[in-house]
Amino acid sequence: MAEDGRIGVLFVCTGNICRSPTAQGQFEKLIAERRIAHRFRVDSAGTEDYHIGAAPDSRSIKAAQARGIALAHLRARQLSRNDYADFDFLLAMDSGHLRHLQRQMPAGLSAQPTIARLLDFVPGLEDHDVPDPYYGGPKDFERVLDLTESGCEGLLAAIGRRVRLA
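Rules used throughout
Residues numbered from 1 in each chain as written. Predicted model: local features only at pLDDT ≥ 70, side-chain atom pairs only at ≥ 80, totals over all residues. Heavy atoms only, no water. Salt bridge = Lys/Arg side-chain N within 4 Å of Asp/Glu carboxyl O. Helix = DSSP H or I, 4+ residues; strand = E, 2+ residues; numbered from the N terminus. Buried < 20%, exposed > 50% of the residue type's maximum accessible area, 1.4 Å probe, protein only. Expected span 1.5 Å × (residues − 1). Contact = heavy atoms within 4.5 Å. Core = buried A, V, L, I, M, F, W, Y, C linked by side-chain atoms within 4.5 Å. Polar contact = N/O pair within 3.5 Å; in protein donor to acceptor, adjacent residues only side chain to side chain.

Asks: Would you explain the pattern of salt bridges in this entry?
Replies: In a structure, side chains of opposite charge can pair up when their charged atoms sit close to one another. Taken as a whole, this structure holds 12 salt bridges when the rule is applied. A salt bridge links Glu153 to Arg34; its shortest N-O distance comes to 2.8 Å. A residue pair is termed long-range when its members are at least 10 positions apart, and Glu153 in helix α5 (residues 138-162) and Arg34 in the loop between α1 (19-33) and β2 (40-46) qualify at 119 residues. Given the relative accessible area of 33%, Glu153 is considered partly exposed. The partly exposed category is assigned to Arg34, whose relative accessible area is 44%. Between Arg77 and Asp43 there is a salt bridge, with its nearest N and O atoms 2.9 Å apart. In this pair, Arg77 is assigned in the loop between α2 (58-65) and α3 (83-86) and Asp43 in strand β2, connecting sequence segments 34 residues apart. With a relative accessible area of 22%, Arg77 lands in the partly exposed category. Here Asp43 falls in the partly exposed class, since its relative accessible area comes to 23%. Ionic contacts of the salt-bridge type, sharing partners, join the residues Arg67, Glu142, Asp146 and Glu149 into one network.

Okay, here's the thing in structure tokens:
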């Protein structure tokens, strides 16, 4: 946990304009609805520097907005070495991101963050990767919303089993 006692949650994808900001928005909405947002610090990042400073993809914003999730205020950033010390959970959107997070983890951290795929927190799924909707259509962005919603629910339940959230 951060020095201020908040639980740090970082969602990670490739460019930080589709999947990870969608997951961030989903999780922020979830914890706000449950009135526990004060217990968390939530962010998202990309493994690559393609879109630093850019807003999420307009299709992600539109699909999320239809579900009452705000993304337009978010801006893409690249994963940094400090994120491993600053966040308790680093959540990959797919297996490639997971391998990247594992390879890049600095040695000698005082506390090891939990590194996993977001969908690892959803029991019963065959595939634990959130597919990249970038080259797809509206249905692909809806699918990302469905998957990240399930993942965020499962993540919050897992966190709640570790620490008291109320």
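Asks: Explain α1 here, please?
Replies: An α-helix turns once every 3.6 residues. As a result, residues three or four positions apart point the same way. Between its terminal C-alpha atoms α1 stretches 21 Å, which fits the 21 Å expected from 15 residues at 1.5 Å a residue. Buried within α1 we find Arg19, Ser20, Pro21, Thr22, Ala23, Gln24, Gly25, Gln26, Phe27, Leu30 and Ile31. Tucked into the core, α1 has its buried residues touching β1 (7-13), β2, α2, α4 (95-104) and α5. Within two residues after α1, Arg35 carries a phi angle of roughly 60°, on the positive side.

Asks: Would you mind going over the environment of Ser95 with me for this structure?
Replies: Looking at the secondary structure, you find Ser95 in helix α4. Distance from Ser95 to Asp129, taken between C-alpha atoms, is 6.3 Å for residues 34 residues apart in sequence. Those residues in contact with Ser95 that lie beyond four places of it in its chain are Arg117 and Asp129.

Asks: Would you take a moment to explain the nonpolar core for this structure?
Replies: Soluble globular proteins: nonpolar side chains tend toward being buried together. Val9, Phe11, Phe27, Phe40, Leu91, Leu155 and Ile159 are the most contacted members of the largest nonpolar core, which has 28 residues in total. At the level of secondary structure, the elements contributing two or more residues to this core comprise β1, α1, β2, β3 (89-92) and α5. Counting residues per element, this core draws most heavily on α5, which supplies seven residues. By size, the runner-up hydrophobic cluster in this structure holds 12 residues, among which are Leu10, Leu79, Leu101 and Ile115.

Asks: Sorry if this is basic, but what is going on with the environment of Arg143 here?
Replies: Inspection of the secondary structure puts Arg143 in helix α5. Separated by 37 residues in sequence, Arg143 and Pro106 have C-alpha atoms that sit 33 Å apart.

Asks: Got a minute to help me understand α4 in this structure?
Replies: Among all positions of α4, only Ser95, His97, Leu98, His100 and Leu101 are buried. Those residues of α4 that are buried are in contact with β1, α1, α3, β3 and β4 (114-117). For α4, the side-chain oxygen to backbone nitrogen distance between the N-cap and Gly96 is 3.0 Å, and the N-cap itself is Asp94.

Asks: Before we go on, may I ask you to explain the side chain of Thr148 in this structure?
Replies: Topologically, Thr148 is positioned in helix α5. Beyond its immediate sequence surroundings of up to four residues, Thr148 is in contact with Arg19, Thr22, Ala23, Gln26, Leu118 and Val130.

That is the geometry; function is a separate question.
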